[in-house]
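Results of the structural survey
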Amino acid sequence: MNPFVELKEINKDNIDEVLGLKVSTEQSNFVQTTAHSLAKAWAFKNTAFPFAVYADNTMVGFIMLGYYEPKNQYTVWQFLIDERYQHQGYGKAALKLGIQFLKDGFDASEVYLGIAFQNTLAKKLYSSFGFVETGETTDTAFEMKLTIGGK
């Protein structure tokens, strides 16, 4: 089964549902809450692009894309699939849509993200999508980059 996955704007009709999304306890150390992400999206409203992820009209996750001016980079700033809907292909489908949004809307040729060192599940997902480690690290995370092919 291949569900219809789409990204939708967050508004007054779906905000409470977005705020209710959560990951498993084991993953909670790696992912900020949607409330925290939405607060950042408001503060960086000109360069943050938050979306609810829907599969067949059911909200299954959240993705926030962005533009990081200091490094001139487009990013997957925050991404989560609710614990009830993981391992069903929604993450890969939503990630593809998010990257297409950056490519179509901003002509992005590369997309960056950071992953906590211990988050092996996220590394597996992003690696399977074509992201590669850049060698850049912080005290808690490493950076990955996807080079987007042209049409």
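**Observations regarding the sheet that holds strand β4 (residues 73-81)**
With respect to topology, 7 strands assemble into an open sheet ordered β1-β2-β3-β4-β5-β7-β6, the strand pairing being mixed. Among the strands making up the open sheet, the edge pair consists of β1 (5-9) and β6 (132-137). Taken over all neighbouring pairs, the strand axes of this sheet differ in orientation by 35 degrees on average, direction set aside. With 7 bridges connecting them, strand β5 (residues 110-116) and strand β7 (residues 141-147) associate as antiparallel partners. When the bridges of β7 are listed, L113 appears paired with M144. On top of the sheet, helix α2 (residues 34-43) reaches β2 (48-55), β3 (58-68) and β4; it is set at about 40 degrees to β3, its chief contact.

**Description of α2**
Of the residues making up α2, those classed as buried are T34, S37, L38 and A41. Looking straight down α2, one finds that the buried residues subtend no more than 100 degrees of arc, so they occupy a single side. Of the exposed residues in α2, the ones pointing more than 90 degrees away from its buried face are W42 and A43. Looking at the buried positions of α2, the neighbouring elements they touch are α1 (15-19), β2, β3 and β4.

**Observations concerning the pattern of salt bridges**
All told, the structure shown has 7 salt bridges when counted by the stated rule. The closest approach of N and O atoms between D82 and R84, which form a salt bridge, is 2.8 Å. Taking relative accessible area as the criterion, D82 reaches 1% and is therefore assigned buried. For E110, the salt bridge is made with K145, and the minimal N-O distance between the two is 3.4 Å. A residue pair is termed long-range when its members are at least 10 positions apart, and E110 in strand β5 and K145 in strand β7 qualify at 35 residues.

**A short note on unusual backbone geometry**
Even without being a glycine, N57 presents a positive backbone phi close to 70 degrees. When you line up the elements, N57 lands in the loop between β2 and β3. One non-glycine residue, D107, lies in the positive phi region at around 60 degrees. Within the secondary structure, D107 sits in the loop between α3 (90-106) and β5. Overall, the relative accessible area of 67% leaves D107 in the exposed class.

About the cut-offs
- Residues numbered from 1 in each chain as written.
- Predicted model: local features only at pLDDT ≥ 70, side-chain atom pairs only at ≥ 80, totals over all residues.
- Heavy atoms only, no water.
- Pairing = 2+ DSSP bridges.
- Helix = DSSP H or I, 4+ residues; strand = E, 2+ residues; numbered from the N terminus.
- Axes fitted to C-alpha atoms, helices over the stretch in contact; angles between N-to-C directions.
- Contact = heavy atoms within 4.5 Å.
- Buried < 20%, exposed > 50% of the residue type's maximum accessible area, 1.4 Å probe, protein only.
- Arc of directions from axis to C-beta.
- Salt bridge = Lys/Arg side-chain N within 4 Å of Asp/Glu carboxyl O.

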